[in-house]
Amino acid sequence: MNERFQRGAARQAELGGAGGVRSRVYDELADIAPDLHRFAVEFAYGDIHSRPGLDAGRRELVILGALIALGDTRPQLEAHIGSALNAGVAPGEIVEAILQALPYAGFPRVLSAMTIARGVLAARDLLPANSIAQ
């Protein structure tokens, strides 16, 4: 393990570890892309997540917005909703962040993300998780 990997693994552990959905995704691809997991830990967590300037919760909200806009990112959304919760983001704030993506990403992607969020929140017994209604 190099310094980048160690730094990234430590940061990932702070956000809930490499277990669960993260491990499953990389394990399923290990036979064709064994370095993919290392690249993600070194670059995404060792280089980017470890930068100063934003706290972990704000980083996770930015990540959620990007994943929602990309679409078709169920495993990553599950992992990062969990990381957001682990970083202290309240369930209602996650719901609100997903709603914030609506004018930019559209209804299909926001509905999908909200469904994924519901599953993560339900698994942690955090429902109902209402946003601030107007």
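My aim in this report is to walk through the structure given alongside it, one point at a time. Predicted, not measured: the structure shown is a model, and the values here were computed from it.

## Considering a nonpolar patch on the surface
A surface patch of nonpolar side chains, amounting to about 370 Å² of accessible area, comprises L29, I32, L36 and F39. Position of L36 among the secondary structure elements: in helix α3 (residues 36–49). The exposure class assigned to L36 is partly exposed, which follows from its relative accessible area of 35%.

## Some points on α3
Between the first and last C-alpha of α3 there are merely 17 Å, a value that for 14 residues lags more than 12% behind the 20 Å anticipated at 1.5 Å per step. For α3, the full list of buried residues reads A40, V41, E42, Y45, G46 and H49.

## Some details on the packing of helix α6 (residues 91–100) against helix α8 (residues 107–123)
Helix packing geometry: the angle between the two helix axes and the distance between the axes. The interhelical angle for the contact between α6 and α8, taken along N-to-C directions, is 170°, at an axis separation of 9 Å. Looking at the two axes, α6 sits roughly antiparallel to α8. Where α6 crosses over α8, the two elements pack in a sense that is right-handed. Where α6 approaches α8, its residues P91, V95, I98 and L99 are matched on the opposing element by V110, A113, M114, A117 and L121.

The rules we used
- Residues numbered from 1 in each chain as written.
- Predicted model: local features only at pLDDT ≥ 70, side-chain atom pairs only at ≥ 80, totals over all residues.
- Heavy atoms only, no water.
- Patch = residues over 30% accessible without salt bridge, like charges linked within 9 Å, V, L, I, M, F, W, Y side chains within 5 Å.
- Areas by Shrake-Rupley, 256 points an atom, 1.4 Å probe, with all protein chains shown as cover.
- Salt bridge = Lys/Arg side-chain N within 4 Å of Asp/Glu carboxyl O.
- Helix = DSSP H or I, 4+ residues; strand = E, 2+ residues; numbered from the N terminus.
- Buried < 20%, exposed > 50% of the residue type's maximum accessible area, 1.4 Å probe, protein only.
- Expected span 1.5 Å × (residues − 1).
- Axes fitted to C-alpha atoms, helices over the stretch in contact; angles between N-to-C directions.
- Parallel < 35°, antiparallel > 145°, perpendicular 65-115°, else oblique.
- Left-handed = near helix turned anticlockwise from the far one by under 90°.
- Contact = heavy atoms within 4.5 Å.

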